[in-house]
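Observations on chain architecture
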Amino acid sequence: MKELIVLSLDRTRQAVLAVLDDTLGLGGRAASFDDQTPLLGAVPELDSMAVVGLIAALEEHFGFYVGDDDIDGSTFETVGTLTHFVASKQAA
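Since we're looking at a predicted model, the values are computed, not measured. (Residues numbered from 1 in each chain as written. Predicted model: local features only at pLDDT ≥ 70, side-chain atom pairs only at ≥ 80, totals over all residues. Heavy atoms only, no water.)

**Details of the environment of Val-66**
Residue position: Val-66 is located in the loop between helix H2 (48–62) and helix H3 (79–91). Exposure remark for Val-66: the relative accessible area of 9% places this residue in the buried category. Along the primary structure Val-66 and Ala-56 are separated by 10 residues, whereas in three dimensions their C-alpha atoms are 8.4 Å apart. Those residues in contact with Val-66 that lie beyond four places of it in its chain are Ile-55, Glu-59, Ile-71, Phe-85 and Lys-89. (Helix = DSSP H or I, 4+ residues; strand = E, 2+ residues; numbered from the N terminus. Buried < 20%, exposed > 50% of the residue type's maximum accessible area, 1.4 Å probe, protein only. Contact = heavy atoms within 4.5 Å.)

**Side note on the nonpolar core**
Residues Leu-20, Phe-33, Leu-39, Leu-46, Leu-54, Leu-58 and Leu-82 are the most contacted members of the largest nonpolar core, which totals 25 residues. Contributing elements (two or more residues each) for this core: helix H1 (2–24), H2 and H3. Each residue touching Leu-82, except ones within four places of it in the same chain, is listed here: Val-16, Leu-20, Leu-39, Leu-54, Leu-58, Thr-75 and Phe-76. (Core = buried A, V, L, I, M, F, W, Y, C linked by side-chain atoms within 4.5 Å.)

**Focus: the pattern of salt bridges**
Tallied over the full model, the rule gives 4 salt bridges. For Arg-13, the salt bridge identified is with Asp-35, shortest N-O distance 2.6 Å. With a gap of 22 residues between them, Arg-13 in helix H1 and Asp-35 in the loop between H1 and H2 connect regions that are remote in the sequence. The class for Arg-13 is buried, based on a relative accessible area of 14%. By relative accessible area, which is 23% here, Asp-35 ends up partly exposed. With a closest N to O distance of 2.9 Å, Glu-45 and Arg-29 form a salt bridge. Taken together, the residues Glu-45 in the loop between H1 and H2 and Arg-29 in the loop between H1 and H2 connect sequence positions 16 residues apart. Take Arg-29: its relative accessible area is 37%, and that puts it in the partly exposed class. Residues participating in the shared-partner salt-bridge network are Asp-10, Arg-13 and Asp-35. (Salt bridge = Lys/Arg side-chain N within 4 Å of Asp/Glu carboxyl O.)

The analysis is restricted to geometry; functional conclusions fall outside its scope.
Okay, structure coming up:
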């Protein structure tokens, strides 16, 4: 069972990285990101306007809705925090 959870989380991470790369126009840079890679404040392309676009892209790709109360700055702290946020929305 734990292996299935890890596999599912890995698939979610890969999809999140693809959405990040496409939405922010990173030109493949996201492929080298891991869970500890900082996002907000570290990736120049991820400014406040890009966050809005990224949320919309995640909603569309994964088929969930993100309410204003669902997120804060910590959601976009690292690839890992964003991946876990998406996984929690998928599980809801």
